[in-house]
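Each chain, letter by letter, is given below.
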Amino acid sequence: DFIAAAGPTYGALVEKWWLHGEIPGLLADRVYTAGAIRERLGSAIIVYGTHAEAGANRFAAEQWQKKFLNQFESEVHIYKDFEVADSLLTSRDVVFVGRPETNSALAEWAKRMALGYDGAAFRVQNEEHASENDALIWAAPNPGDPEHMVVIAAGNSPLATVLLARENLGSYQYAIAERGRETESGFIK
C-alpha cells in the first residue's frame, strides 16, 4: 500500500529502498550542511593553505579550532596543506581554510566538489564574487569518501578569511560573507 501510495514517480525508488535496502544515487546526491561538522568533530581535521597567505590562514585555522573546542571535548588537529596525506583526507571530515589558490590540498579537490574558484574570486549560483571583502563557506561530500564531509572556509583576501572564522556554521550548504558578516546562504540548485 505504501509503495502504491508513493505513485508512479516515487514508487520505484520506494520499492528499492523498502525491498532491497538501497537508495539509488544516495551517495552521489548527498548534501551536507556546514553546521553538520559540529556533530563530526571527533573525526574532523583542519587543513590550512601555505602557498600564499599562510599566516592569515593559520590564524583562521586556530580560530576555527578554538571555536570547535568550545563544542567538543577534544582539540581538532590542524595540518598544513603540504603535510596532510590523501589517505588522511579521505578518511576524515575536513575543514579547509583558504581558497584553492592558497591551499594545495584543496586545489586538488576543488573541481571534484564543483567549487567555482578562479584565483581570488568564486562563483555561486551563477553569480561572481570577486570583492576582496567576500568570503565563502561551502559544505560538500568528501570526494574520497562521501560518508565524510568537507567544509571550506575561504576569503578572497587574507582579512576576509580571518573574519570568516567569526561566523557560526549553520543549516546551509553555502554561505557568502562580506566583511565577516553573512549576506547570503542556501543550497545549490
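Throughout, a residue's number is its position along its own chain's written sequence, starting from 1. Only residues with pLDDT of at least 70 are given local features in this predicted model, and only at 80 or more are side-chain atom pairs given and counted; all residues enter the totals for whole chains, interfaces and linings. Note: side-chain values were computed over all heavy atoms of the structure, leaving out hydrogens and water.

Enquirer: Whenever I open this one, the confidence of the model for the protein chain confuses me. Can you help?
Expert: The predicted coordinates of low-pLDDT regions are not to be read in fine detail. When the pLDDT values of the protein chain are averaged, the result is 88; 86% of them are 70 or greater. For every residue, the predictor assigns a confidence score, pLDDT, that lies between 0 and 100. Contact between two residues is taken to exist if any of their heavy atoms lie within 4.5 Å; hydrogens are not considered. Note that pLDDT drops below 50 for residues 21–28; the model gives that stretch nine contacts with residues more than four away or on any other chain.

Enquirer: Could you clarify how one ought to interpret the sheet that holds strand β5 (residues 122–124) in this entry?
Expert: Strands in a sheet are paired, the pairing made by backbone hydrogen bonds, and the direction either parallel or antiparallel. At least two DSSP bridges between two strands are needed for those strands to be called paired. Where helices and strands are cited, they refer to DSSP runs of H or I of at least four residues and of E of at least two residues respectively, numbered from the N terminus. Taken in spatial order, the three strands of this open sheet run β4-β5-β6, and their pairing is antiparallel. Strands with a single pairing partner mark the edges of an open sheet, and in this sheet they are β4 (116–117) and β6 (127–129).

Enquirer: Would you mind going over the packing of aromatic side chains with me for this structure?
Expert: Each pair of aromatic rings taken from Phe, Tyr and Trp, with Trp reduced to its six-membered ring, is defined by centres within 6.5 Å and is described as stacked if the planes are under 30 degrees apart, edge-to-face if over 60, and tilted in the remaining cases. Counting across every chain of the model gives three aromatic pairs. Geometrically, the ring pair formed by Tyr117 and Phe122 is tilted, given 5.6 Å between the ring centres and 50° between the ring planes. Residue Phe122 is classed as buried on the basis of its relative accessible area, which comes to 0%. Exposure is judged per residue with a 1.4 Å probe applied to protein chains only, and the accessible area is read against the type maximum: over 50% gives exposed, under 20% gives buried, and values in between give partly exposed.

Enquirer: Looking at this structure, I do not really get the pairing of strand β10 (residues 181–186). What am I missing?
Expert: As a general feature of sheets, a regular strand has side chains that alternate between the two faces. In this sheet, β10 lies alongside strand β9 (residues 174–178) in antiparallel orientation, the contact comprising five bridges. What sits directly across from Ala175, in β10, is Ser185. Linking β9 back to β10 in an antiparallel pair, the connection comprises two residues, with Arg179 at a positive phi of about 55°.

Enquirer: Mind showing me how you'd approach the nonpolar core here?
Expert: It is characteristic of soluble globular proteins that their nonpolar side chains tend to be buried jointly. The criterion is simple. A nonpolar core is a set of buried Ala, Val, Leu, Ile, Met, Phe, Trp, Tyr and Cys residues joined through side-chain atoms within 4.5 Å. Ile37, Ile46, Trp64, Phe68, Val97, Ile137 and Leu169 are the most contacted members of the largest nonpolar core, which totals 31 residues. Of all elements in the fold, only β1 (44–48), α2 (54–69), β3 (93–97), β7 (134–142), β8 (145–155), α5 (158–164) and β9 reach the threshold of two or more residues within this core. At five residues, the largest contribution of residues to this core is made by α2. Leaving out residues up to four positions away in the same chain, Ile46 has contacts with Ala61, Trp64, Gln65, Phe68, Val76, His77, Ile78, Tyr79, Val95 and Val97. Judged by nonpolar contacts, the second largest core, of 24 residues, contains Ile45, Val94, Trp109 and Leu115.

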